[in-house]
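# Observations on the model geometry
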Amino acid sequence: MHLLETRDLTHIYRGDVHALEGVNFTAERKSRIAVIGPNGAGKSTLFKHFNGILKPTSGEVLVRGEPITKENVREVRKFVGIVFQNPDDQIFSPTVEQDIAFGPINLGLDEATVAHRVEEALHLLGIEELRERVPHHLSGGEKKRVAIAGILAMEPQVLVLDEPTAGLDPQGVADLVAFVNRLPEEYGMTVVFSTHHLDLVAEMADYIYVMDKGRVVGSGTVEEVFTRPELLTQTRLDVPPIPKLIRSLRENGVAIDMAYTYEDAKKSFLDAYARRA
Ligand SMILES: Nc1ncnc2c1ncn2[C@@H]1O[C@H](COP(=O)(O)OP(=O)(O)OP(=O)(O)O)[C@@H](O)[C@H]1O
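Residues numbered from 1 in each chain as written. Predicted model: local features only at pLDDT ≥ 70, side-chain atom pairs only at ≥ 80, totals over all residues. Heavy atoms only, no water.

Heads up, the rule is: UniProt positions are given in the numbering used here, feature names are shortened, and annotations may be inferred rather than shown by experiment.
With UniProt as reference, the chain is termed Energy-coupling factor transporter ATP-binding protein EcfA, source organism Methanoculleus marisnigri. Listed under Subcellular location in UniProt, the entry text for the chain is "Cell membrane". Database annotation for the chain, UniProt heading Sequence similarities: "Belongs to the ABC transporter superfamily. Energy-coupling factor EcfA family."

### Notes on the domain arrangement of the chain
To keep it simple, the criterion reads: Residue ranges for the domains originate in an automatic or database domain assignment. Two residues qualify as a contact provided that any one of their heavy atoms is within 4.5 Å of a heavy atom in the partner residue. When two parts are brought into contact, each loses some accessible area as probed by a 1.4 Å sphere; the total of that loss over both is the buried area. Each reported salt bridge corresponds to a side-chain nitrogen of Lys or Arg within 4 Å of a carboxyl oxygen of Asp or Glu. By the criterion applied in these results, polar contacts are pairs of N or O atoms within 3.5 Å in which, for protein atoms, one can donate a hydrogen and the other can accept it, and in which residues neighboring in sequence qualify only through two side-chain atoms. Counting from the N terminus, the helices are DSSP H or I runs at least four residues long and the strands are E runs at least two residues long. Each residue receives one of three labels: charged for Asp, Glu, Lys and Arg, nonpolar for Ala, Val, Leu, Ile, Met, Phe, Trp, Tyr, Cys and Pro, and polar for the others, Gly being one of them.
Domain annotation for the chain reports domain 1 (4-237) and domain 2 (240-276). Across the boundary between the two partners, domain 1 contributes nine residues, which contact six residues of domain 2. With both sides pooled, the region where domain 1 packs onto domain 2 buries about 650 Å², and carbon together with sulfur makes up 68% of that total. It is Ala202, Glu203 and Phe226 that lose the most area in domain 1 upon contact with domain 2, and together they represent 53% of the buried surface on that side. Our enumeration of links across domain 1 and domain 2 arrives at zero salt bridges. If you look at where domain 1 meets domain 2, you find two residue pairs in polar contact (both at pLDDT 80 or more). Breaking the side of domain 1 that touches domain 2 down by element, the ones donating at least two residues are helix H7 (198-204) and helix H8 (222-226). Among the elements that make up the side of domain 1 that touches domain 2, the one with the highest residue count is H7 (four residues). Split into classes, the residues belonging to the side of domain 1 that touches domain 2 amount to five nonpolar, one polar and three charged.

### A few points about the pairing of strand S2 (residues 17-27)
Two faces belong to every sheet, and in a regular strand the side chains alternate between them. Rule in force here: Any two strands between which DSSP finds at least two bridges are classified as paired.
With seven bridges connecting them, strand S1 (residues 4-13) and S2 associate as antiparallel partners. What sits directly across from His11, in S2, is Leu20. Once S1 ends, the chain turns through three residues before running back antiparallel as S2, passing Gly15 with a positive phi of about 90°.

### Looking at the sheet that holds S1
Our working rule: As a rule, the C-alpha atoms of each element are fitted with a line to give its axis, helices using only the stretch in contact, and angles between N-to-C directions run from 0 to 180 degrees.
Pairing is antiparallel in the open sheet, where four strands are placed in the order S2-S1-S4-S5. Looking at strand neighbours, the two that pair on one side only are S2 and strand S5 (66-67), the edges of this open sheet. Contacts from helix H1 (residues 43-50) reach S1, S2 and strand S4 (58-63) within the one sheet, and its direction differs from that of S1 by about 120°.

### A closer look at the side chain of Ser268
Let me state the cut-off plainly: Residue exposure (1.4 Å probe, protein chains only): buried if accessible area is under 20% of the type maximum, exposed if over 50%, otherwise partly exposed.
Take Ser268: it is sitting in helix H11 (residues 262-276). Of the residues examined, Ser268 reaches a relative accessible area of 5% and is grouped as buried. Those residues within four positions of Ser268 in sequence are excluded, and the remaining contacts are Ile256, Asp257, Met258 and Ala259.

### Brief notes about the layout of surface pockets
Stated formally: Any residue with an atom within 4 Å of a point lines the site, the site being either a cavity, points on a 1 Å grid over the protein atoms alone where a 1.4 Å probe fits but cannot get out, or a pocket, an open set with protein on both sides within 12 Å along at least 5 of 7 lines. Grid points are joined across faces, edges and corners, and a volume is the space filled by probe spheres set on the points.
Roughly 540 Å³ of volume is contained in the largest pocket. Lining the largest pocket are 21 residues, with Arg77, Phe102, Gly103, Ile151 and Met154 positioned closest to its centre. Listing elements by their share of the lining of the largest pocket, those giving two or more residues are helix H2 (73-79), strand S6 (80-83), helix H3 (96-106) and helix H5 (140-152). Grouping the constituent residues of the lining of the largest pocket by class yields 11 nonpolar, six polar and four charged. Looking at the second largest pocket, its volume works out to about 230 Å³. As for the second largest pocket, its lining consists of 13 residues, and the residues nearest its centre are Gly52, Lys55, Pro56, Ile68 and Thr69. A total of three residues in the lining of the second largest pocket trace back to one element, the largest contributor, which is S4. Residue composition of the lining of the second largest pocket, by class: six nonpolar, four polar and three charged.

Next up, the structure:
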């Protein structure tokens, strides 16, 4: 049984827009999964099926092996939390603190538990100093953190992030990467995210789904996907700079180990340099 699964999932929007066509997707506990693909590939539509926001035109979505039904959709939404692309869709309370408390209160938790969860979420996202602020007056990046904190406070087992780094400054991106990477190990969570920043994928994911025109056109480990440049270019994507540069050096006779993350690349370069010396 998979933690989350779609089987032959097809979604046709009104107007005969075929947004998903026969998508098979699985996620396991503690996995870090990137969904990549050009604009309009169907990433957000897929995510909206993960907790029953959208209903399949055909096919199935299974959460812990169970199809999503009217009866279990509340439970499913506790289990799978989604942070949308645009934080304005998700933020509506008068203060940040109240906004983060909204989800836990809705789950029917007692006051002390709600307060505790709000504190934890503020702390995890590093936004304690924003607690009294009016969400709508925050910057884009600050809003994004508040939106993530609001979902996190519901303690989902699966955290789905639709383009989490869009609009963040470089330090914000680095903080987000570090934050996401703590969740599987420290909290046993599964993280599924979409991004157009392919250089972040190796830093934040173990497994990749490549989507194009509503279909999954490739999937595999970071290594499996990034060693298929044709798959990426045919979907208007590209191999990120680190593996691209190292591949090119290898093709030019440089003895250097392949790497996908910044830290691994640094090690590869230092090793290659040491071997020469
Ligand atoms: N509510 C809707 N009604 C009709 N068509 C829609 C609706 N939402 C999305 N679509 C269409 O479905 C297709 C998939 O859109 P989706 O937002 O899932 O793509 P995406 O991969 O998330 O794109 P992006 O990278 O631009 O965020 C697109 O052709 C889009 O125009």
